[in-house]
Amino acid sequence: GSAALGIAAALAGAALAGLANGLIITFGRVNAVIATLGTMAAFRGCAFLTSGGSSVSIVNEQFRFLGNGTILFFPVPILVLLAVLVLFAIFLNTTVIGRNIYAIGGNPTVARLAGIPIRRYQIGIYILSGLAAGVAGLLLASRTMSGQPASGSQGLELEAITAAILGGCALQGGKGTIVGALLGVLIIGVLNNGLILTSVPTFYQLIAKGALLIVAVMIQERQLRRAGEA
C-alpha cells in the first residue's frame, strides 16, 4: 500500500539485477552482449513466475502521479528524463570517475596499467545501468497502472542498441555522449510514430528497424576506418 516502499523495492531489485550482470561479466569473463541477453531471458522468466504469467493491477493513486502527473504543466516522465540526462551528463563529463569510464571503454589495457580498478568500475556501471532500467520500468508501470511481465521487454534491446549507435556511441566503447544517445532515441521514436501513422504493417516495421541498425553500424565502422587511416 506504500508507493515509496514499492518504488524503493523496484529500484533495489533493478540494482541487484545490474549487480548480477556486472559480476557475471567481470568475474565470469563472459561477453557483455551474451551475458546481458542471457540474464534478460532469466529476468523475464522470473517476472512470469512471480506474477503467475498475468498482469498485476496497481491501485495506488500516489504511484499514478509518477507516470501520469504534471508539474507546472510539464509531464513528470519528461522531468524525470531531463533529470537523469543532466545527472549522467555531469557525471560523465566533469568527474574523474566519468573520465575513467571513457578510458576503460577506449582501451581497458591502458586503463588497467594506469591504475584504474577496472572490475570495480564495471560492476558499478552495470549497477547504474540496472537502476536506469528500473526507473524506466517504474514509469511504464505507472503509466499503465499495472505490472505486466512481458511489457516493455519485447524488441526494446534492438531499439536501445540502434538508438545508441545512431547517437554516436561506439560499439567498441570509449566514445559517445548522453545527449547523443537521447538524440538517437528521438530518431527511433519519430521512426516508430511515422511507421504507425502511415499504417505500415508490423512485420515491415521490424525489417525497417533491423535495416536501420545494420546501416548505422556500417556507417560507424567506415568512419572508424577512416579515422584510423588518418
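The structure this text deals with has already been given above.
Because the structure is a prediction, the values reported are computed rather than measured.

Parameters and conventions
Residues numbered from 1 in each chain as written. Predicted model: local features only at pLDDT ≥ 70, side-chain atom pairs only at ≥ 80, totals over all residues. Heavy atoms only, no water. Buried < 20%, exposed > 50% of the residue type's maximum accessible area, 1.4 Å probe, protein only. Helix = DSSP H or I, 4+ residues; strand = E, 2+ residues; numbered from the N terminus. Arc of directions from axis to C-beta. Contact = heavy atoms within 4.5 Å. Salt bridge = Lys/Arg side-chain N within 4 Å of Asp/Glu carboxyl O.

> How do you make sense of helix α5 (residues 96-106) when you look at a structure like this?
Three or four residues apart is the spacing at which side chains of an α-helix point the same way, because the helix has 3.6 residues per turn. Gly 98, Asn 100, Ile 101 and Ile 104 are the residues of α5 that are buried. All buried residues of α5 project into a common sector of 160° when viewed along the axis, lining one side. Projecting away from the buried face of α5 at angles above 90 degrees are the exposed residues Val 96 and Gly 106. Residues of α5 that are buried sit in contact with α4 (76-94), α6 (108-113) and α7 (118-144).

> It is not clear to me how the pattern of salt bridges should be interpreted in this structure. Could you clarify?
A side chain with one charge may pair with a side chain of the opposite charge, provided their charged atoms come close. Inspection of every chain in the model, using the stated rule, returns two salt bridges. Of the charged contacts, one joins Glu 61 and Arg 64 as a salt bridge, the two residues approaching to 3.0 Å between their closest N and O atoms. Here Glu 61 and its partner Arg 64 are both found in helix α3 (residues 61-68), three residues apart, which amounts to about one turn of the helix. When its relative accessible area of 33% is taken as the criterion, Arg 64 is described as partly exposed.

> Is there a simple way to think about the side chain of Thr 162 in this case?
Summarising the element assignment, Thr 162 is placed in helix α8 (residues 156-166). On the basis of relative accessibility, which here comes to 2%, the residue Thr 162 falls in the buried class. The residues touching Thr 162, leaving out its near neighbours within four places in the chain, are Ile 188, Lys 209, Leu 212 and Leu 213.

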